[in-house]
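Chains, contacts and geometry: an overview
Read off the chains here:
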Amino acid sequence: MSTNASPSSDKEKEYAAAVETLKQKLDAIAKFDVMKDGKFRVEDVAFQGLETTKESVLRREFAKAAQARTLDELLPELISIQKRLKECDVFESVAINPKRGDGKDTVRIAVNVLEQRHRGITLGGYVQEGEFSGATKVRLRNLFGFMERVEVHADSSNQFTAGTSALLSIPFPFGLPGWFTMTGIAQRNNLIETQSFVGLEKGAKFAWKRHSKSNHELGFQSMLRSMSDVPKNSAAQILSAPSIKNSLFHTFSKEVFPSDSTFLAMKSFNELAGIGGNTAFLKTENKISFERYVDLSAYIPGISRAFPWTSSMTLAASVNFGLLRCLSDDHSRIQDRFT
């Protein structure tokens, strides 16, 4: 139990407000009743505030919206674009303003953006009772105007995962929705705390990401894996031999706000290994999280006067479950298993 505020994030509230604003502006257009049979054409999409971002890149994002012929077609497209541009982590703000066009039965779309700083660095860490952890993140945004994002992470710890990763994210080519990411990884994982087994991984990951009502990541990864600190002549040594893992994977996640006081999150990771390499398995990991904001004074009058913290509690619960099935005659390795 914790005493955090409502689980509804500021980002979710900001997005909901932007959606409501879009609806109001489109309703205002419809009230003029100048559209024959409720149909129109998008006269133009105009952009303001562009500094580095290429206009052709943003215009591609609005290509489908520009083909809309009714308000019912236009609204979901603009909502999707609004969310996509905010989540690309390139713009500080995005305002989409549909207006009546100059011609009959026409609509103009004005887009105002504020670009974020192109460079940033974040440092963090802690030391406590013999444990230490430090992290450095360098972020480069939109240097070439294609809404690309480069991130380099370096983590150091004597207890948890440590390593370095570099990620490049760009809008998916050929006008398709989603983002293409390339990630290079070199990391160390403490796999079993009680026996201090350490897993080492080096490799690359290529993926397609899509953010909509639910989030998807589909990709391929190739990893060279080994283990250290494994006692010689132990049973674990048999399952810790170096391996090459080539796998297809899919990650699905979804967040739901049934009400202002309730939050539900679901995440599922599915992986098929054995496309080359010397390890083959089918694996699924799933997690469901639930949070509910509770004010006990609504149920027990006067309790908040004696216990003020009861007026702002968050009840949280989660469940994790999964399945691992080896697809080869060999045993599954320690690094294949759940940690």
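We now turn to the structure provided with this report. Keep in mind that this is a model prediction, so the values were computed, not measured. (Residues numbered from 1 in each chain as written. Predicted model: local features only at pLDDT ≥ 70, side-chain atom pairs only at ≥ 80, totals over all residues. Heavy atoms only, no water.)

Across its full length, the protein chain holds five helices and 14 strands. Classification of the 339 residues of the protein chain by burial places 35% in the buried group. Contacts spanning at least 24 positions in sequence make up 55% of the contacts within the protein chain whose residues lie at least 6 apart. In the structure as shown, the protein chain presents an accessible area of about 19700 Å², 55% of it carried by carbon and sulfur atoms. (Helix = DSSP H or I, 4+ residues; strand = E, 2+ residues; numbered from the N terminus. Buried < 20%, exposed > 50% of the residue type's maximum accessible area, 1.4 Å probe, protein only. Contact = heavy atoms within 4.5 Å. Areas by Shrake-Rupley, 256 points an atom, 1.4 Å probe, with all protein chains shown as cover.)

With that settled, the discussion passes to a nonpolar patch on the surface. Taken together, Leu 248, Leu 272, Ile 275, Leu 282 and Leu 327 make up a surface patch of nonpolar side chains, about 420 Å² in accessible area. Take Leu 282: it is sitting in strand β13 (residues 281–294). Residue classification places Leu 282 among the partly exposed positions, given a relative accessible area of 44%. (Patch = residues over 30% accessible without salt bridge, like charges linked within 9 Å, V, L, I, M, F, W, Y side chains within 5 Å. Salt bridge = Lys/Arg side-chain N within 4 Å of Asp/Glu carboxyl O.)

This brings us to the pairing of β13. Here 12 bridges tie strand β12 (residues 262–277) to β13, and the two strands are oriented antiparallel to one another. Note on β13: the bridge partner recorded for Leu 264 is Phe 290. The loop that links β12 with its antiparallel partner β13 comprises three residues. (Pairing = 2+ DSSP bridges.)

Another point: the nonpolar core. Counting residues in hydrophobic clusters, the biggest one holds 27 residues, and the most contacted among them are Phe 62, Phe 91, Ile 109 and Met 147. When residues of this core are traced back to their parent elements, those giving at least two are β1 (41–48), α2 (55–61), α3 (71–87), β2 (91–100) and β3 (106–115). With residues up to four places along the chain from it excluded, the contact list for Met 147 reads Thr 53, Val 57, Leu 58, Glu 61, Leu 85, Cys 88, Val 90, Phe 91, Asn 142, Ser 169, Pro 171 and Trp 179. (Core = buried A, V, L, I, M, F, W, Y, C linked by side-chain atoms within 4.5 Å.)

With that out of the way, let us pick up the pairing of strand β6 (residues 149–157). Sheet analysis places strand β5 (residues 131–141) next to β6, joined by nine bridges and oriented antiparallel. Bridging across to β6, Gly 134 finds its partner in Ser 156. Of the strand pairs in this sheet, β6 and strand β7 (residues 162–171) are connected by seven bridges, and their pairing is antiparallel. The partner of Ala 154 across the bridge, within β7, is Thr 164.

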